[in-house]
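Examining the three-dimensional arrangement
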Amino acid sequence: MRIDVEEKRLAVVSDLHLGNPYSLASHKLSSFVDYLIENRFNLCINGDGVDILQARLNALTQQALEVLDLLRKFQAYGGRIYYVIGNHDITLERVLHTWLAEYLAPFLNLQSGRLRVRIEHGHIYDQFYAASPRVYEGLSIAAGPLLRIYPDIYRVWSATTRSRIKVRNVIGDTSEGYDSPEQEAAAMIANRGFDAVVFGHTHRPERVELDGGGVYVNSGNWLRGSTFVEIADDSVALRQWNPSGPVTLPS
Amino acid sequence: MKLPRVGSSRSNDVSRLASRVDAEQTHADGECIVAEGSLGQEMFIVADGRVRIAKSSSAGSVTLGYVERGDFFGEMSLLESVPRAASAFAVGETRVVVIDPGTLLLKVRRDPTLALEMLKKLSTRLRVANARLVDVISQTERQEPTVPVWEPFDDQQSSHAD
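Let us look at the structure shown here. (Residues numbered from 1 in each chain as written. Chains lettered and ligands numbered in written order. Predicted model: local features only at pLDDT ≥ 70, side-chain atom pairs only at ≥ 80, totals over all residues. Heavy atoms only, no water.)

Topic: the overall build of chain B
Along chain B, the regular secondary structure elements total 5 helices and 6 strands. Order of helices (α) and strands (β) in chain B, N terminus to C terminus: α-β-β-β-β-β-α-β-α-α-α. Across the 162 residues of chain B, 31% fall into the buried class. Once local pairs closer than 6 in sequence are excluded, the contacts in chain B between residues at least 24 apart make up 69%. Accessible area of chain B: about 10000 Å², with a carbon and sulfur share of 56%. (Helix = DSSP H or I, 4+ residues; strand = E, 2+ residues; numbered from the N terminus. Buried < 20%, exposed > 50% of the residue type's maximum accessible area, 1.4 Å probe, protein only. Contact = heavy atoms within 4.5 Å. Areas by Shrake-Rupley, 256 points an atom, 1.4 Å probe, with all protein chains shown as cover.)

Right, dumping it as structure tokens:
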């Protein structure tokens, strides 16, 4: 199992949810991959790249083949790909002992220049998932049809969790002062020797300076969005991919 | 600071408690963090800086290696309650996170990747130690070829003896 890696330039994307009929990732990745090749970035897919829970076979076949072609092209130009396992593709853990272990990891500890960066999907810090992964998985499958009504349902869920925590902060039931469990977890991980912690999972792109030092960045999603984290030249930036090129998002 | 209610069934109370039990120490350059032979049950994670591990020998103090940022030391005393096998000194100003036996499980529950990192690191250290042992045995055998340093285990002899 490879968890310690070194890369000068790495782009991190997450939550592509390939196979989900509402995923727009395969339409937008083509120009993004060209950008990565031109700028000599390697690539990390930080969890939920493939959506096993809400996939439909025809969508999975079509989208995955398109993206696999793009990734093959990326590799042909010398690009390296890392795949971190998330909760919608957690079944991939079962192949961690096969030759695919070269490409799959539960998380990465990245050394990039002077920076030490933790890259992890982050679902294990989701209190709901941690309390009962099976219930969470069952509800994720059941929530599939809701995507038809509102494809950004994941962001609504994330916002609801955040609101609940804000209310708790106001009531005084917590003293940590973080807006989300992910921020709190990122602070804890950063405290043991990381300059930045990159999560996905919440679908909500954000970059937050942590109180104890270090930065928490969420790479957002490519189910409906197109945000990514760019790690290069001793900096970690949250960026939005547009067909005309990337735009840096403010903290 | 408001403390979580003890015995509460709320799932995140434990995680809050765990996040609060991370004690830290800051050491100046050259300062001894732990001394060889001393009693102590804490493990340390290097959050900033660097740590030199040294052991006394008949030839004086020997540097065994360096622990870099993000790496840990002192785990033998934490896991086995044995005296410190070596001394640790700060190299430059160094900040360490202190984990004691009472908070290790809470820490791992809150930050489970720490356990995987520890296992991987211990596996690497064991592999390196095995390789060094083989080197030492090979050197010893070259120097004293008539005296075997170790006897290979013989299944047949063992069963006859039984």
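There is more to say, and it comes next.
Points about the pairing of strand β6 (residues 108–112) of chain A
All names here are of chain A. Of all 5 residues in β6, 4 are buried; the element is thus mostly enclosed. For strand β1 (residues 4–6) and β6, the ladder comprises 3 bridges, and the chain directions are parallel. Bridging from a neighbouring strand, aspartate 4 pairs with asparagine 109 of β6. Across 5 bridges, β6 lies against strand β7 (residues 115–119) in antiparallel orientation. Residue pairing across strands places leucine 110 opposite valine 117, the latter belonging to β7. The hairpin formed by β6 and β7 contains 2 residues between the paired strands, and glycine 113 there has a positive phi angle of roughly 60°. (Pairing = 2+ DSSP bridges.)

Points about the packing of aromatic side chains
For the coordinates displayed, the defined rule picks out 12 aromatic pairs over all chains. Between A:Phe32 and A:Trp222 the ring centres are 4.9 Å apart and the planes differ by 45°, which places this aromatic pair in the tilted class. Here A:Trp222 lies in the loop between β10 (215–218) and β11 (227–232) and A:Phe32 lies in helix α1 (residues 25–38), a separation of 190 residues in the sequence. Overall, the relative accessible area of 1% leaves A:Phe32 in the buried class. By relative accessible area, which is 0% here, A:Trp222 ends up buried. Note on B:Phe44 and B:Phe73: the rings are 5.1 Å apart at their centroids and 15° apart in plane angle, and the pair reads as stacked. (Phe/Tyr/Trp six-rings, centres within 6.5 Å; stacked < 30°, edge-to-face > 60°.)

Some points on a nonpolar patch on the surface
Residue and element names in this part refer to chain A. There is a patch of nonpolar side chains on the surface, built from Leu146, Ile149, Tyr150 and Val156 and spanning about 390 Å² of accessible area. The residue leucine 146 is located in helix α5 (residues 146–149) in this model. The class of leucine 146 is partly exposed, set by a relative accessible area of 40%. (Patch = residues over 30% accessible without salt bridge, like charges linked within 9 Å, V, L, I, M, F, W, Y side chains within 5 Å. Salt bridge = Lys/Arg side-chain N within 4 Å of Asp/Glu carboxyl O.)

As for the side chain of A:Ser26
Residues and elements named next belong to chain A. You can see serine 26 is positioned in helix α1. Residue classification places serine 26 among the buried positions, given a relative accessible area of 7%. Engagement of the side chain of serine 26 in a polar contact is seen with the side chain of glutamate 66, the distance being 3.4 Å. Residue contacts for serine 26: discarding those within four places in its chain leaves Leu18, Gln63, Glu66 and Val67. (Polar contact = N/O pair within 3.5 Å; in protein donor to acceptor, adjacent residues only side chain to side chain.)

Some thoughts on the nonpolar core
All names here are of chain A. The biggest cluster of nonpolar side chains holds 26 residues, and the ones touching the most others in it are Val13, Leu16, Leu29, Phe32, Leu36, Leu43 and Trp222. At the level of secondary structure, the elements contributing two or more residues to this core comprise β2 (10–13), α1, β3 (42–46), α2 (57–76), β4 (81–84) and β11. A total of 7 residues in this core trace back to one element, the largest contributor, which is α1. Every residue in contact with leucine 43, bar those within four places of it in the chain, is listed here: Leu10, Ala11, Val13, Phe32, Leu36, Leu71, Phe74, Arg80, Ile81 and Tyr82. Counting residues in each nonpolar core, the second largest holds 20 residues, with Tyr82, Ala105, Leu115 and Leu238 among its members. (Core = buried A, V, L, I, M, F, W, Y, C linked by side-chain atoms within 4.5 Å.)

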